[in-house]
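# Notes for the structure review
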Amino acid sequence: MAQAGYSDFGAVYVARGFELAFQKGVRRYALIPLTINVLLFSVAIAAVFHYTTLWVADFMAWLPEWLHWLEVILWPLIIIAVLLLFAMTFTSVANIIASPFNSLLAEKVEERLTGVPAANGGVSGMMKDIPRTLGREFQKILYFIPRSLGFFLLLIFVPVIGQVLWLLWGGWMMTIQYADYAFDNHKVPFRNMRSSLHRHQGKSLTFGVVVAFLASIPLINLIMIPVAVCGATAMWVDHMRAENLG
């Protein structure tokens, strides 16, 4: 059921995710995806900071002289884009490993928000659903890869506009990634899930952009997987659950 007072601005659900992930009764289910994320990102952070400045300098050197006046605008945009690229890459790896636990976390958050116990849920249900959950992760990857390549080419070859489109695409990927756990727990097809998010595009996109931005910030990114799962599940409960299960 929708909760009164919630804004249509998706960033509200990022804040809601921080609140839910550390509530008693939920936080133990957030612990495993949180631990996986900490281990992977601890290794990744050093690489991000080492290579980002090198890549940005190389990109600026590649620009023709008549575009050097854009340096003031491009420098922060490219840095953010590169950080998001790393964040999404390592987050994808973490999400594949943690996907069964993310599904269980989404289930427990939905139970808390709706008061409706999941049928065949819990750890035993999670173990039974591992093949389907992993298959859904690879379905997302197959959706992301060709589109990411297209937006990445725009990022490289179309100054300013390419960077903005890349940031928006990164947000859309994050929304699909984390909202999908609640949809998949109810076996809502992948195509239907995307259609539902499109119907709430403004809310979905602002949620994902904020998650993508926070996922690029060291230390904060360590807790973003369970936070994003909880926030996206709250968004599902408030705005998409009824239309998909009714």
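Whatever comes next refers back to the structure up there.
As a starting point, this report considers the structure included with it.

Reading guide: rules and limits
Residues numbered from 1 in each chain as written. Predicted model: local features only at pLDDT ≥ 70, side-chain atom pairs only at ≥ 80, totals over all residues. Heavy atoms only, no water. Helix = DSSP H or I, 4+ residues; strand = E, 2+ residues; numbered from the N terminus. Buried < 20%, exposed > 50% of the residue type's maximum accessible area, 1.4 Å probe, protein only. Contact = heavy atoms within 4.5 Å. 1 Å grid on protein atoms, 1.4 Å probe; cavity = no way out; pocket = protein on both sides within 12 Å on 5 of 7 lines; lining within 4 Å. Points joined across faces, edges and corners; volume = space filled by probe spheres on them. Nonpolar A, V, L, I, M, F, W, Y, C, P; charged D, E, K, R; others polar. Core = buried A, V, L, I, M, F, W, Y, C linked by side-chain atoms within 4.5 Å. Patch = residues over 30% accessible without salt bridge, like charges linked within 9 Å, V, L, I, M, F, W, Y side chains within 5 Å. Areas by Shrake-Rupley, 256 points an atom, 1.4 Å probe, with all protein chains shown as cover. Salt bridge = Lys/Arg side-chain N within 4 Å of Asp/Glu carboxyl O. Phe/Tyr/Trp six-rings, centres within 6.5 Å; stacked < 30°, edge-to-face > 60°. Lys NZ or Arg CZ within 6 Å of the ring centre and 35° of its normal.

A count of helices and strands for the protein chain gives 9 helices and 0 strands. For the protein chain, the α and β elements follow one another from N to C terminus as α-α-α-α-α-α-α-α-α. Expressed as a percentage of its 246 residues, the buried residues of the protein chain come to 47%. Here the analysis covers contacts within the protein chain between residues at least 6 apart in sequence; of these, 80% occur between residues at least 24 apart.

This brings us to the layout of surface pockets. Volume-wise, the largest pocket comes out at about 400 Å³. Taken together, 22 residues make up the lining of the largest pocket; nearest its centre are E107, A118, A119, G121 and N185. For the lining of the largest pocket, the secondary-structure elements that each account for two or more residues are α3 (71-114) and α4 (122-128). Considering only residue class, the lining of the largest pocket consists of 7 nonpolar, 8 polar and 7 charged.

Here the focus is the nonpolar core. Among the nonpolar cores identified, the biggest contains 48 residues, and I176, Y178, F183, L197 and V211 are the most heavily contacted of them. Elements with a contribution of two residues or more to this core: α1 (11-21), α2 (27-62), α3, α5 (130-157), α6 (161-185), α7 (190-199), α8 (201-215) and α9 (224-245).

In this section: a nonpolar patch on the surface. On the surface, a nonpolar cluster with roughly 840 Å² of combined accessible area is contributed by W62, L153, L154, F157, V158, I161, V164, L165, L168 and V209. Residue contributions to the nonpolar patch peak at 4 residues, all from α6. When you line up the elements, L154 lands in helix α5. The class for L154 is partly exposed, based on a relative accessible area of 32%.

Evaluation of the coordinates by the stated rule reveals 7 aromatic pairs. Seen from their ring centres, Y143 and W169 are 6.2 Å apart, and the 45° between their planes marks the pair as tilted. With Y143 in helix α5 and W169 in helix α6, this residue pair connects regions lying 26 residues apart in the sequence. Here W169 falls in the buried class, since its relative accessible area comes to 5%. Taking the ring centre of Y181 as reference, the NZ or CZ of K140 above it sits at 4.4 Å.

Further remarks concern unusual backbone geometry. Notably, K187 is not glycine yet its phi reads approximately 60°, a positive angle. Given a relative accessible area of 55%, K187 falls into the exposed group.

Spatial relationships are all this shows, so hold off on functional conclusions.
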